[in-house]
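One-letter residues, chain by chain:
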Amino acid sequence: MKLQAKLQLNLQSISNTIVVSYNTYEKASFDQYLAVSVVSNTSITSRAEKYIDDITGKGSLNAHFKKMIQRAQKFDDDTKRKILDSSLYPTVKIDKSNHYTYYPDFNVSIFNKRHFKGDLKKKSQEDMQKILLMDEDVIDIDYDKKEHFQKDMYLVEFDDFKIKINLFNEWYELKDSRFQDLISYDIEGIERYEGSVSTDADGEGWVILSNSALNNLINMSHFFYNREGNHIGILTDYLKLTKIIKVYGLYFYKEKICSFDKKNSELCNETLKYLIKTNSINEIKTKTLLKILEVVENISSQQVINYILDRKESKELALFGLSLLKKGLEIGWTNTTLKQFKAFCSMNDLNTLYRVAPEIGYSPIELTKIDDNLLNEQDKIIKEEYLNNRNKMIDEIDRKVGAITNSGIRERAKKVNSSEFTKKFNNKLKTMLAHKKDDIKNYSDDKLKNYYEEVVVFYEDYVQMEDIIKLYEERK
């Protein structure tokens, strides 16, 4: 068995700041350069100090320059020459920029992601200079220590009877007893988990099972345990398979996202059986259910679609069921389901649907979209009567409107004295002439019927208007 997982360990570590003191040179200031220049020109202290007195008097700079003279007198000739020729003045620097961490459990130090056996502070100054890659003249190396126990996440590997901890990409073995001291773990309510808990696991990706992770599994809205005993969470866009194992007294889990596709068809079939068995089929989102139905056996999909559409309306499920029917699944649909297919299908699908289910009842307008060779005798009569009635209305409209527009009444009505009736007639006439430009054959049944009734009423007004014009012309 080989298992890797991230765990929170209370591992002891000691952080050390490496304090390095070393000799170096920096650009000489004016007073430093002057002091060395004076000392280089006279080795007699009294003469050098008199020169300082002459140029500074008794001011505050006097004491400062004399101290500089005293320091310059201690330099050897090479140092003085370096200052005068290159303006480089000797100084002592203290560097605290380097840090390392020592892990007592493994007796290892980590510095700049490099691993060193033992505690670096016990190494010689010469060895530390090599580690620090310093060419300077080191005076001293000291350490500022900060020891602490800090809970942090570490990658742990369980390999048969060995436990290893990963520190910066290197593995260090840890005794079981010490590991138990360092682990911070407390799981509550594991007995609520009804799935299988294995002791055999390999590979990476395992995570320690926390109380929150366990609660998330148990409190998930829709889940079940598959035949292997793994937890299967039913989410909107995928299934989540979770395995749990127990190693060294610890519980671990690993998750796998299972998409709704053919490679996971067996798992999708198990999911559908669970949803049906627990009546959760009515609670699951239609979007999720459709993705499952697209993967499982068509017969199983049909059973679910019949069950749901017999109880409620669903355009999405009806259209999916219709697609199965068009692919050849023609037997086994309930009448209620077929009626929903008809309610949401396009007119182009009516031929297919009628061929399979002529008994579910079709409106006259639906029958007009179905080929005559498919219709039974009764539906043919209904279709013919419907078309005849519709054509009669259209013919009557054309006859009456044609008579009105060809009569020239629009111009003749202008000669008649204006009245409330003549005003309304002229307005209606404008509307009627506008309708004449439409292709009334494409009108819906309701629109055609309404227009027909308007024409009949207006034709009566037209006859009355003709009588008014006739009477006006006779009086004239």
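Everything here concerns the structure above.
J.: I'd love a proper account of the pattern of salt bridges, names of residues and values included.
T.: Close approach of charged atoms lets side chains of opposite charge pair. Summed over the entire model, instances satisfying the criterion amount to 19 salt bridges. Salt-bridge contacts for Lys80 lead to Asp77; the nearest nitrogen and oxygen are separated by 4.0 Å. One end of the pair, Lys80, and the other, Asp77, are both in helix 4 (residues 77–86), three residues apart, so they sit about a helical turn from each other. Owing to a relative accessible area of 14%, Lys80 belongs among the buried residues under this scheme. Taking the shortest distance from any N to any O, the salt bridge between Arg227 and Glu270 comes out at 3.6 Å. You can see Arg227 sitting in the loop between strand 9 (223–225) and strand 10 (231–234) and its partner Glu270 sitting in helix 8 (residues 265–277), a full 43 residues away along the chain.

J.: With reference to specific residues and values, describe helix 7 (residues 211–218).
T.: Buried within helix 7 we find Ala213, Leu214, Leu217 and Ile218. Projected onto a plane normal to the axis of helix 7, the buried residues spread over an arc of 130 degrees and lie on a single side. For helix 7, the secondary structure elements touched by its buried residues are strand 9, strand 10, strand 11 (238–247) and strand 12 (250–259).

J.: I'd love a proper account of the nonpolar core, names of residues and values included.
T.: Counting 45 residues, the largest nonpolar core has Leu289, Leu293, Phe341 and Leu353 as its most contacted members. For this core, the elements supplying multiple residues, two or more each, are strand 10, strand 11, helix 8, helix 9 (286–293), helix 10 (298–309), helix 11 (315–326), helix 12 (335–344) and helix 13 (350–356). Those residues in contact with Leu353 that sit more than four places away from it in its chain are Leu322, Leu325, Leu338, Phe341, Lys342, Cys345, Ile360 and Tyr362. Listed in part, the 27 residues of the second largest apolar core include Ala5, Phe158, Ile165 and Val247.

J.: Please provide a residue-by-residue account of the pairing of strand 2 (residues 88–103), values included.
T.: Summarising the sheet, strand 1 (residues 2–27) and strand 2 pair through 13 bridges and their orientation is antiparallel. Directly across from Ser15, in strand 2, lies its bridge partner Thr101. As defined by bridge partners, strand 2 adjoins strand 3 (residues 108–111) across three bridges and the pair is classed as antiparallel. From the neighbouring strand, Tyr103 faces strand 3, where its bridge partner is Val108. Counting the residues between successive antiparallel strands, the hairpin from strand 2 to strand 3 contains four residues, one of them, Asn107, with a positive phi of roughly 50 degrees.

J.: How would you summarise the side chain of Thr91 if you had to cite specific residues and measurements?
T.: Within the fold, Thr91 resides in strand 2. Given the relative accessible area of 18%, Thr91 is considered buried. Those residues in contact with Thr91 that lie beyond four places of it in its chain are Tyr22, Asn23, Thr24 and Glu26.

J.: Talk me through unusual backbone geometry; I want residue IDs and the actual numbers.
T.: A negative phi angle characterises most non-glycine residues, just as the trans form characterises most peptide bonds. With a phi close to 50 degrees, Tyr248 is a non-glycine residue in the positive phi region. For Tyr248, the position within the fold is in the loop between strand 11 and strand 12. One non-glycine residue, Asn279, lies in positive phi territory at about 60 degrees. For Asn279, the location among the structural elements is in the loop between helix 8 and helix 9. For Asn279, a relative accessible area of 47% puts it in the partly exposed group.

Thresholds applied
- Residues numbered from 1 in each chain as written.
- Predicted model: local features only at pLDDT ≥ 70, side-chain atom pairs only at ≥ 80, totals over all residues.
- Heavy atoms only, no water.
- Salt bridge = Lys/Arg side-chain N within 4 Å of Asp/Glu carboxyl O.
- Helix = DSSP H or I, 4+ residues; strand = E, 2+ residues; numbered from the N terminus.
- Buried < 20%, exposed > 50% of the residue type's maximum accessible area, 1.4 Å probe, protein only.
- Arc of directions from axis to C-beta.
- Contact = heavy atoms within 4.5 Å.
- Core = buried A, V, L, I, M, F, W, Y, C linked by side-chain atoms within 4.5 Å.
- Pairing = 2+ DSSP bridges.

Structural measurements only, silent on function.
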